Amino acid sequence: MATINDLVMVHVENKPGFYARIEDITPDVKKGWWIVKLLVLTFPLQVYTWILDESQLDGASFTMGGTPLMLEKIESPIHHEEPAVPAPRTATTAAEQSETERPKVVSLLDRKKKK
């Protein structure tokens, strides 16, 4: 089930329509229905408030004003891997570290064009 802060693609008439982020989900007065606030990622940004049931949040098709719609939860294409546990290091001072071991700091002020 899609939940708060999830990205969804809204299909309109069985075609991709627009992306939105779920901002809030609160229970509706009818049991099993939810008030869903969507931040529609268009220019300018818009907020839609729809009343959906759980199956519609899970991706089931539904209609609004006769127009077929469907929410599809979007997963990031970047696979987050667990960071490898680094091997224990012996205590060294910064002066003992080689240049390749120390991270390089790049100043953004140095990159700025001089007038």
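Residues numbered from 1 in each chain as written. Predicted model: local features only at pLDDT ≥ 70, side-chain atom pairs only at ≥ 80, totals over all residues. Heavy atoms only, no water.

(A) Examining the overall build of the protein chain more closely. Counting its regular elements, the protein chain contains two helices and six strands. When the elements of the protein chain are put in sequence order from the N terminus, they spell out β-β-β-β-α-β-β-α. The proportion of buried residues among the 115 residues of the protein chain is 20%. For the protein chain, restricting intrachain contacts to residue pairs at least 6 apart in sequence, the fraction spanning at least 24 positions comes to 25%. When the accessible surface of the protein chain is totalled, it reaches about 9500 Å², and 57% of it is carbon and sulfur. (Helix = DSSP H or I, 4+ residues; strand = E, 2+ residues; numbered from the N terminus. Buried < 20%, exposed > 50% of the residue type's maximum accessible area, 1.4 Å probe, protein only. Contact = heavy atoms within 4.5 Å. Areas by Shrake-Rupley, 256 points an atom, 1.4 Å probe, with all protein chains shown as cover.)

(B) Focus on the sheet that holds strand 3 (residues 33-40). Strand order in the open sheet made by the six strands is 4-3-2-1-6-5, with antiparallel pairing throughout. Each edge of the open sheet is held by one strand with a lone partner, namely strand 4 (46-53) and strand 5 (62-64). Between one strand axis and the next, the sheet turns by 40 degrees as a mean value, whatever way the strands run. Looking at chain direction, strand 1 (residues 7-12) and strand 2 (residues 15-27) are connected through six bridges and run antiparallel. Residue Leu-7 lies in a different strand from strand 2, and its bridge partner there is Arg-21. (Pairing = 2+ DSSP bridges. Axes fitted to C-alpha atoms, helices over the stretch in contact; angles between N-to-C directions.)

By themselves these figures say nothing about function.
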